[in-house]
Amino acid sequence: MSRLFHDLAAPGVQKLQPYLPGKPVEELERELGISGSIKLASNENPLGASEKALLAIEQCYRNINYYPDGSAFRLSQRLAAKYNINPACFTFGNGSNDVLELIARAFLTPEHSAVYSQYAFAVYPIVVQATGAKANVAAAYDDMHETMPLGHDPDALIDSIDDTTRVVFIANPNNPTGTWLDTNAVIAMLDRVPSNVIVVLDLAYLEYMDDELKPDIKHLLDTYENLIVTCTFSKVYALAGLRIGYGISHPDIADLLNRVRQPFNTNMVAQAAALAALDDEAHIQASIKLNNEGKFFLQHELEKLGLACLPSMGNFLTVNMKKDAGPVYDALLKKGVIVRPVANYQMPNYLRITVGTPEQNSRLIEALSSVMAGVMV
Ligand SMILES: *Cc1c(COP(=O)(O)O)cnc(C)c1O
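A short tour of the structure in this document, coming up. (Residues numbered from 1 in each chain as written. Predicted model: local features only at pLDDT ≥ 70, side-chain atom pairs only at ≥ 80, totals over all residues. Heavy atoms only, no water.)

**What about the side chain of Arg261?**
Locating Arg261 in the fold gives a position in the loop between helix H11 (251-260) and helix H12 (268-278). Although buried, Arg261 forms no salt bridge, and the nearest oppositely charged side chain, Asp98, lies 7.3 Å from it. Only 2.6 Å separates the side chain of Arg261 from the side chain of Asn258, close enough to count as a polar contact. Within the local environment of Arg261, its side chain forms a polar contact with the backbone oxygen of Pro263, the two atoms lying 3.3 Å apart. Apart from residues no more than four positions distant in its own chain, Arg261 is found in contact with Gly70, Ser71, Thr91, Phe92 and Leu102. (Helix = DSSP H or I, 4+ residues; strand = E, 2+ residues; numbered from the N terminus. Buried < 20%, exposed > 50% of the residue type's maximum accessible area, 1.4 Å probe, protein only. Lys, Arg positive; Asp, Glu negative; His and termini not counted. Salt bridge = Lys/Arg side-chain N within 4 Å of Asp/Glu carboxyl O. Polar contact = N/O pair within 3.5 Å; in protein donor to acceptor, adjacent residues only side chain to side chain. Contact = heavy atoms within 4.5 Å.)

So, in structure tokens, the structure goes:
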């Protein structure tokens, strides 16, 4: 890139590493000369969207010549009822990633710092660095940790908070590790964070967690005014392509985030689909069941191949290949099975695999065992 333009960019932007998305499946298939590949790379819901959501999309798409409702009024009313929380506590985003960015823009400057864990979700460093704020990265548990290898270490996170810290990001469960903190650990952390530091609890995989691990969101928000919970329609609600998520916080925080937000950041079709998806309890339950069964199957089959996974409360498993996972990833690609290498997270020996349908899971195991027979000898 020309030095001139680079130097013109804001200091935080100059230091950003470009996010490298996976290639579109069609392009990959063309390059490799294959077809019928399966994508288990982005933690999408393999069931597809709810029929109710699809119907809602059909009923609204002829109105797309109009701007959407910038306040997402109906959706905020619906979620307020779901959580028994004041609608003024909600901030909607073009995906929950958008909410994460709003938080960074509202609270961080080059004079401030943000705290997150090593191996935490890749969006945190991006939104923090773009503001020019400093990142205090807390060491994660090491890979020999008894219960939560590579998981968030609450003590390290607390120790990383300094006088300049404005925001702490916690992914629970975390992507790409799948690891989690139980509710007591979350509460113990919140008790230790100074009240002038915002805590972001990213619950993108909330619905996939075992029931006894799910935090009582209303109670947490009532108790900790510095807390922002983020949720998404991209995972269990199966609307990743429409881009919609939200934050829940003290109304004063929501007010600030809504000032930073672009007025029409969530689109009409996404709002309609989200509203309908919330009412399709059968689809949600079917998605959770498919995930639990698929995860159990994959864990078991991977174990038979001599491979260990990190503990996961998400819709994915992160597998330790015990050596550079790149060649295995490439070989799986050639067999039309797309998984996610996580070398960009400093985890070069791991592959992140989204739990698919039973057919997809079997195909993955088949492909992986034949690849390992070849590559790993
Ligand atoms: C997938 C994911 C999200 C969701 O992002 P959207 O922008 O809502 O699609 C948020 N946080 C984590 C940790 C995730 O893995």
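**Here's the deal with the nonpolar core**
Core analysis: the largest hydrophobic core is formed by 63 residues, its most contacted members being Leu75 and Phe90. At eight residues, the largest contribution of residues to this core is made by H12. When we break this core down by domain, the ones giving at least three residues each are domain 1 (22-48 + 282-375) and domain 2 (51-279). (Core = buried A, V, L, I, M, F, W, Y, C linked by side-chain atoms within 4.5 Å. Domains from an automatic or database assignment.)

**So, the sheet that holds strand S2 (residues 90-93)**
Reading across the sheet, the seven strands line up as S2-S8-S7-S6-S5-S3-S4 and stay open at both edges, with mixed pairing between neighbours. Unpaired on one side and paired on the other, S2 and strand S4 (134-138) mark the two borders of the sheet. Strand-to-strand twist in this sheet, taken as the mean axis angle between neighbours without regard to direction, amounts to 20 degrees. Looking at chain direction, strand S3 (residues 113-117) and strand S5 (residues 165-171) are connected through three bridges and run parallel. What sits directly across from Ser113, in S5, is Thr165. With respect to the sheet, helix H7 (residues 123-130) is in contact with S3, S4, S5 and strand S6 (198-202), its orientation differing from that of S5 by roughly 165 degrees. (Pairing = 2+ DSSP bridges. Axes fitted to C-alpha atoms, helices over the stretch in contact; angles between N-to-C directions.)

**Thoughts on the packing of helix H6 (residues 96-107) against H11**
The N-to-C vectors of H6 and H11 enclose an angle of 100 degrees; their axes lie 9 Å apart at closest approach. Taken together, the axes of H6 and H11 lie roughly perpendicular to each other. Facing H6, whose interface residues are Leu102, Ile103, Arg105, Ala106 and Phe107, H11 presents Ile253, Leu256, Leu257 and Val260. Partitioned by chemical class, the residues of the contact of H6 with H11 number eight nonpolar, no polar and one charged. (Parallel < 35°, antiparallel > 145°, perpendicular 65-115°, else oblique. Nonpolar A, V, L, I, M, F, W, Y, C, P; charged D, E, K, R; others polar.)

**Description of the pairing of S3**
For a regular strand, side chains alternate in direction, first toward one face of the sheet and then toward the other. With five of five residues buried, S3 is to be regarded as a mostly interior element. Looking at chain direction, S3 and S4 are connected through five bridges and run parallel. In the strand pairing of S4, Tyr116 is matched with Val137.

**Quick notes on the packing of helix H5 (residues 73-83) against H12**
At a minimum axis separation of 10 Å, H5 and H12 run at an interaxial angle of 25 degrees. The orientation of H5 with respect to H12, classified from their angle, is roughly parallel. Here H5 runs over H12; the crossing is left-handed. For the pair H5 and H12, the contacting residues are Arg74, Leu75, Arg78, Leu79 and Lys82 in the first and Gln271, Ala274, Leu275 and Leu278 in the second. When the residues that make up the contact of H5 with H12 are grouped by side-chain class, the tally is five nonpolar, one polar and three charged. (Left-handed = near helix turned anticlockwise from the far one by under 90°.)

**A look at the side chain of Thr230**
Turning to its location among the elements, Thr230 is positioned in strand S7 (residues 227-232). On the basis of relative accessibility, which here comes to 1%, the residue Thr230 falls in the buried class. Discounting residues that sit within four places of it in the chain, Thr230 has contacts with Val99, Leu100, Ile103, Val200, Leu201, Asp202, Leu203, Ala204, Tyr246 and Gly247.

**A closer look at the pattern of salt bridges**
The final tally for this structure, using the stated rule, is ten salt bridges. Between Glu27 and Arg30 there is a salt bridge, and its shortest N-O distance comes to 2.9 Å. Within this pair, Glu27 and its partner Arg30 are both found in helix H3 (residues 25-32), separated by three residues, close to a single helical turn. Relative accessible area serves as the criterion here: at 29%, Glu27 is assigned to the partly exposed category. Among the ionic pairs, Asp255 bridges to Arg259, the shortest N-O distance being 2.6 Å. Note that Asp255 and Arg259 are positioned in helix H11 at a spacing of four residues, about one turn of the helix.

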